[in-house]
Amino acid sequence: MSRRGFLTTVGVGVVGAAALTGGQTFGWLEPLNLFGARTRGLGPQGLPINRTAAQAGVEGAAVSADWRLSVATAAGSSALSRDALLALPQTEAVLPIACVEGWSSSVRWSGVAVPVLLASVGAPPESRLRFTSLEPSGAYRVMEMGPEYAADPLTLVALAIDGEALHLEHGYPARVIAPGRPGVLQTKWLRSVEVI
Ligand SMILES: Nc1nc2c(c(=O)[nH]1)N[C@H]1C(S)=C(S)[C@@H](COP(=O)(O)O)O[C@H]1N2
Ligand SMILES: [Mo]
């Protein structure tokens, strides 16, 4: 291939990629949005859905009256109901979900700041944590968080969006929302938090 032919091919490739990924921003390109969010358009509470509760197999466990967030530290473990979490001081933060699939969206979250949660069980804020989802399997079931994120007063075990209980598709009864982390690490449908 001549040098000129090569450059033309690269040019078409770049324009093509821009058009294909532009669908999240430009409505008229939406039909070409092959690499965007799996669920097109806006989901409930003004936020796209990456993986639904049905796909994750959590529809039963997530809405069960028996749900508790298990919080395990070196000293032992506690089981907190959603009401118990709501009874702790709540923090509000406008933070984005930034998905590698090509969309980013900010909403107003509220819930228990992770340092507040750690303090409530007597654990130090500078802790390394492991969060596990109710999902029986899946690439994003388990997530680890370094102490610098755990100690951030805006890192949340989120319970609500815009003052309304999290929609099941967005991680009800509780999910992680932390500043400056990719969407894949914003674990939905929490089951447990462990100090590791
Ligand atoms: N348990 C669990 N949490 C998850 C996921 C998942 O598949 N399972 N997907 C992640 C990805 S890739 C993104 S972008 C966000 C999307 O959150 P949303 O569906 O509330 O917009 O959730 C993250 N949390
Ligand atoms: Mo994502």
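Residues numbered from 1 in each chain as written. Chains lettered and ligands numbered in written order. Predicted model: local features only at pLDDT ≥ 70, side-chain atom pairs only at ≥ 80, totals over all residues. Heavy atoms only, no water.

### Observations concerning the side chain of Glu135
Argument step 1. The residue Glu135 is located in the loop between strand 5 (129-133) and strand 6 (142-145) in this model.
Argument step 2. Its relative accessible area of 5% is what places Glu135 among the buried residues.
Argument step 3. A polar contact of 2.4 Å, which involves the side chain of Glu135, links it to the side chain of Arg51. (Helix = DSSP H or I, 4+ residues; strand = E, 2+ residues; numbered from the N terminus. Buried < 20%, exposed > 50% of the residue type's maximum accessible area, 1.4 Å probe, protein only. Polar contact = N/O pair within 3.5 Å; in protein donor to acceptor, adjacent residues only side chain to side chain.)

### Observations concerning the pattern of salt bridges
Argument step 1. A complete count under the given rule lists five salt bridges for this structure.
Argument step 2. Between Arg51 and Glu135 there is a salt bridge, with its nearest N and O atoms 2.4 Å apart. Note that Arg51 is positioned in the loop between helix 1 (3-21) and helix 2 (53-56) and Glu135 in the loop between strand 5 and strand 6, a separation of 84 residues in sequence.
Argument step 3. The exposure class assigned to Arg51 is partly exposed, which follows from its relative accessible area of 23%.
Argument step 4. Between Arg130 and Glu194 there is a salt bridge, and its shortest N-O distance comes to 3.3 Å. Here Glu194 lies in strand 10 (residues 190-195) and Arg130 lies in strand 5, a separation of 64 residues in the sequence. (Salt bridge = Lys/Arg side-chain N within 4 Å of Asp/Glu carboxyl O.)

### A short note on the site of ligand 1
Argument step 1. Taken together, the neighbourhood of ligand 1 is formed by 20 residues, with Pro48, Glu135, His170, Arg175 and Lys188 sitting nearest.
Argument step 2. At a separation of 2.5 Å, an oxygen atom of ligand 1 approaches a polar backbone atom of Pro48.
Argument step 3. The protein chains hide 99% of the 530 Å² of surface that ligand 1 would expose on its own.
Argument step 4. Of the residues belonging to the shell around ligand 1, the class tally is nine nonpolar, six polar and five charged. (Near = heavy atom within 4 Å. Areas by Shrake-Rupley, 256 points an atom, 1.4 Å probe, with all protein chains shown as cover. Nonpolar A, V, L, I, M, F, W, Y, C, P; charged D, E, K, R; others polar.)

### A look at the packing of aromatic side chains
Argument step 1. For the structure on display, the rule yields zero aromatic pairs.
Argument step 2. In this structure, Arg181 packs its charged tip against the face of Tyr149, placed 4.5 Å from the ring centre. (Phe/Tyr/Trp six-rings, centres within 6.5 Å; stacked < 30°, edge-to-face > 60°. Lys NZ or Arg CZ within 6 Å of the ring centre and 35° of its normal.)

### What about the side chain of His170?
Argument step 1. Relative to the helices and strands, His170 resides in the loop between strand 8 (164-165) and strand 9 (175-177).
Argument step 2. When its relative accessible area of 1% is taken as the criterion, His170 is described as buried.
Argument step 3. Excluding anything up to four places from it in sequence, His170 contacts Pro44, Gln45, Leu47, Pro48, Ile49, Ile161, Arg175 and Lys188. (Contact = heavy atoms within 4.5 Å.)

### Observations regarding the nonpolar core
Argument step 1. Ranked by internal contacts, the top residues of the largest apolar core, which has 30 residues, are Leu69, Leu85, Leu117, Leu129, Phe131, Met145 and Val157.
Argument step 2. Elements with a contribution of two residues or more to this core: helix 2, strand 1 (69-73), helix 5 (114-120), strand 5, strand 6, strand 7 (156-161) and strand 10.
Argument step 3. A total of three residues in this core trace back to one element, the largest contributor, which is helix 5.
Argument step 4. Among the nonpolar cores identified, the runner-up in size contains 14 residues, and Leu47, Ala93, Leu166 and Ile177 belong to it. (Core = buried A, V, L, I, M, F, W, Y, C linked by side-chain atoms within 4.5 Å.)

### Looking at the confidence of the model for the chain
Argument step 1. Taken as a whole, the chain shows an average pLDDT of 86; of its residues, 79% reach a score of 70 or greater.
Argument step 2. Mean pLDDT per element in the chain: helix 1 is the minimum at 44, and strand 5 is the maximum at 99. (pLDDT = per-residue confidence, 0-100.)

### Considerations on the pairing of strand 3 (residues 91-99)
For a regular strand, side-chain orientation follows a simple rule: the groups alternate between the two sheet faces.
Argument step 1. Across nine bridges, the pairing between strand 3 and strand 4 (residues 103-113) is antiparallel. Looking across to strand 4, one finds that Cys99 is bridged to Trp103.
Argument step 2. Turn length for the strand 3-strand 4 hairpin, with the two strands adjacent in sequence and antiparallel, is three residues, and the turn residue Gly102 shows positive phi of about 115 degrees. (Pairing = 2+ DSSP bridges.)

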